[in-house]
Amino acid sequence: MIAIWDGTHMPATSEEFLAVDAIIHDATTTLLKQQRPDGHWVYELEADATIPAEYVLLTHFLGETPDLELERKIGVYLRRIQGAHGGWPLYHDGAIDISATVKAYFALKMIGDDPDAPHMRRAREAILARGGAGKANVFTRIQLALYGDVPWAIIPTVPPELILLPRWFPIHLSKMSYWARTVIVPLLVLAAKRPLARNPRGVHVKELFLPHNVASKRAPHQKWHWAALFDTLDWVLKLVEPLWPKTLRRRAIAECVRWTTQRLNGEDGLGAIYPAMANSVMMFDTMGYPPDHADRATARKSVEKLLVIKDDEAYCQPCVSPVWDTALACHALMEARMPKADAAVARGLEWLKPLQVLEVKGDWEEERRGVRPGGWAFQYRNDYYPDLDDTAVVVMALDRAKESAAPKADYRDAIARGREWVEGLQSKNGGWGAFDADNCYHYLNNIPFADHGALLDPPTEDVTGRCIGMLAQLGEPPDSPRMKEAIAYLERVQMKEGSWFGRWGVNYIYGTWSALAGLNAAGVDASSAMVRRAVDWLVRIQNADGGWGENCDSYKLDYKGYEPAPSTASQTAWALLGLMAAGEVDHPAVAKGVRWLASNRSSDGLWGQEHYTGGGFPRVFYLRYHGYPKFFPLWALARYRNLKQGNSRRVGYGL
């Protein structure tokens, strides 16, 4: 272990700086080895048990010849992540989640695990103790209905005619988030056709239900008056569905198939996310497409490409994150300032540049007619659904490249188009959502189908901070109308304790870093009350060991303030970057945080982290970005060194 100062004073000797330099050098060297030959980085993106379990159930729904070795490895993975409580959590060391547990149990039984085996018995008892499988969420009940284990009558009605409604109608697909519409459209066909899984092994899970088990009518986030209204509507739809005109039904189903096929996205899949991909495969199967049909085969291949297969275990990712990983790795390496790092960054940026979506007007155009496309997606390809977060981070990286010592490329046109698209998708309240503008139809989260509470994509603090940072870095004056509105939005939504909510990262540490970085780039005075409150909050929640940590439980509906959690590498890095963006490089808390990072490296010179610090859907779905502990700590340490040595070429980056 390299010696590091004790954190009680500012480093004063060249030896101490050399120690930090050595850490940066080792981490940079390892990160460079992880770059792919074509210039990009991509790391595993792990969720909970639901996706690998659903993968197993998908293959048996289709009646495919099972890959026994793959099933064995998935079984090893599912058993390993089972919690001590007997069920499966949504994140590392989390509480039991009944929906994830039902799916994991079903998949393991399908694989061949004996229901009387100790791990299966514990899971079954945990499910029954919590009301049985009927208490699982809507998507889990749909999975069970496809296998005939529950009647479709307990599934909220979602008629395919939804796709034919005019946009002014209160319930419309364009008013939902991108992930909701890509999952729902093929699901509309399944709900109308009600296919039954081939299930060649004849596996069912009736033992997970209590007698007279009734599904919950209202989720905790749903308001009783809205729930009553939508429950009445659901009752009416169930009543009249048998009377529905068959011609209209055929037309609606055909439109769902056309909509899905148009957005199939090649082997990167519908929406480039597993649930939408799997639903598209089942939709094609239900519509009678043979396995070798081009569209069905392409959709099926997209699912296979999400598998992570190791020596003794395997799982299925919810999606992949190469654009995000590559852009963030480039930022970290540009901060490291080593010749070989600069050369790697040049290759990474050249890989990113052609992935800019310049021709396809995606679903975002429904709300922003006339805006030219120009964004980047999160995945390899997802042209209908680029996102503001990735676009801002990529544009900032391309702009920073002009300061690199590596050979220069001309990114001016790419930067200009990215900026134009980001500007065009600013929402009316001054903030930015992830994929759409003004996706704020909050009443929709009360429909029975939305028991997950994640049907929408409204503006959020973290994405807004990133977009502010990008615009400021490109020269947007802080007193321009769009910048003033964006800064006012952040000031308006800041928590009383001083933090900002982090929609896509866990949670208030992530949001606070994102906001402070953007405000710093925009030139907001570090002595302002808004910034001071944020600094005080970050300092106050620092762990005694010098690091920072925050649990996924911070997304709970009754959040009352920060609750201590174990320090993690990525969250410690975010806190440090946030404090330094606020001008606090000399604060003792920063030195302590640097010491924690220096003392908690893995043998390869990087950092490890089992805790989930990525957000999917609050309270429903979380992510473990395997890349986060690789590049964020390097980034924080390199920025610390650069600022302390006074050789930072530019302090005002929005990241």
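So, a few notes on the structure that sits alongside this text. As the structure is a computational prediction, the values presented were derived from the model and not from experiment.

What counts as what
Residues numbered from 1 in each chain as written. Predicted model: local features only at pLDDT ≥ 70, side-chain atom pairs only at ≥ 80, totals over all residues. Heavy atoms only, no water. Pairing = 2+ DSSP bridges. Helix = DSSP H or I, 4+ residues; strand = E, 2+ residues; numbered from the N terminus. Salt bridge = Lys/Arg side-chain N within 4 Å of Asp/Glu carboxyl O. Buried < 20%, exposed > 50% of the residue type's maximum accessible area, 1.4 Å probe, protein only. Axes fitted to C-alpha atoms, helices over the stretch in contact; angles between N-to-C directions. Parallel < 35°, antiparallel > 145°, perpendicular 65-115°, else oblique. Left-handed = near helix turned anticlockwise from the far one by under 90°. Contact = heavy atoms within 4.5 Å. Nonpolar A, V, L, I, M, F, W, Y, C, P; charged D, E, K, R; others polar. Polar contact = N/O pair within 3.5 Å; in protein donor to acceptor, adjacent residues only side chain to side chain.

Here's the deal with the pairing of strand β4 (residues 614–617)
Strand direction decides the pairing type here: β4 and strand β5 (residues 621–625), joined by 3 bridges, are antiparallel. From the neighbouring strand, F617 faces β5, where its bridge partner is F621. Count of turn residues in the β4/β5 antiparallel hairpin: 3 residues, of which R619 carries a positive phi of about 75°.

Quick look at the pattern of salt bridges
Scanning the entire structure with this criterion turns up 41 salt bridges. Across the salt bridge formed by E54 and K103, the nearest N and O atoms sit 2.4 Å from each other. Of this pair, E54 sits in helix α2 (residues 50–61) while K103 sits in helix α4 (residues 98–111); the two residues are 49 residues apart in sequence, bridging distant segments of the chain. By the burial criterion, E54 is buried, and K103 matches it. The salt bridge partner of E335 is R400, with a shortest N-O separation of 3.0 Å. Placement of E335 in helix α12 (residues 322–336) and of R400 in helix α14 (residues 388–400) is noted, with a sequence separation of 65 residues between them. Per residue, the accessibility class of E335 equals that of R400, and both read buried. Connected through salt bridges with shared partners, the residues R167, K361, E365, E366, E367 and R369 form a single ionic network.

A closer look at the packing of helix α15 (residues 412–424) against helix α16 (residues 461–473)
Working note: a packed helix pair is described by the angle between its axes plus the distance between those axes. Between α15 and α16, whose axes approach to 11 Å, the crossing angle comes to 135°. Between α15 and α16, the angle is such that the two are oblique. Relative to α16, α15 is oriented so that their crossing is left-handed. Within the contact between the two elements, α15 uses R419, V422 and E423 and α16 uses C467, M470 and L471. Classifying every residue of the contact of α15 with α16 gives 4 nonpolar, no polar and 2 charged.

Let's talk about the pairing of β5
Across the 5 residues of β5, 5 count as buried, placing the element largely inside the fold. Residue alternation in β5 divides its side chains into two sets, F621, L623 and Y625 and Y622 and R624, and both sets are buried.

Some points on the sheet that holds β5
Pairing within the open sheet is antiparallel, and its 3 strands lie in the order β1-β5-β4. Looking at the sheet topology across the chains shown, the edges are occupied by β1 (45–46) and β4.

Some details on the environment of Q35
Inspection of the secondary structure assignment puts Q35 in the loop between α1 (14–33) and β1. Looking at Q35, the relative accessible area reads 9%, which means it is buried. The contact partners of Q35, leaving out residues within four places of it in the chain, are H40, W41, A344, R347 and G348. Within the local environment of Q35, its side chain forms a polar contact with the backbone oxygen of A344, the two atoms lying 3.0 Å apart.

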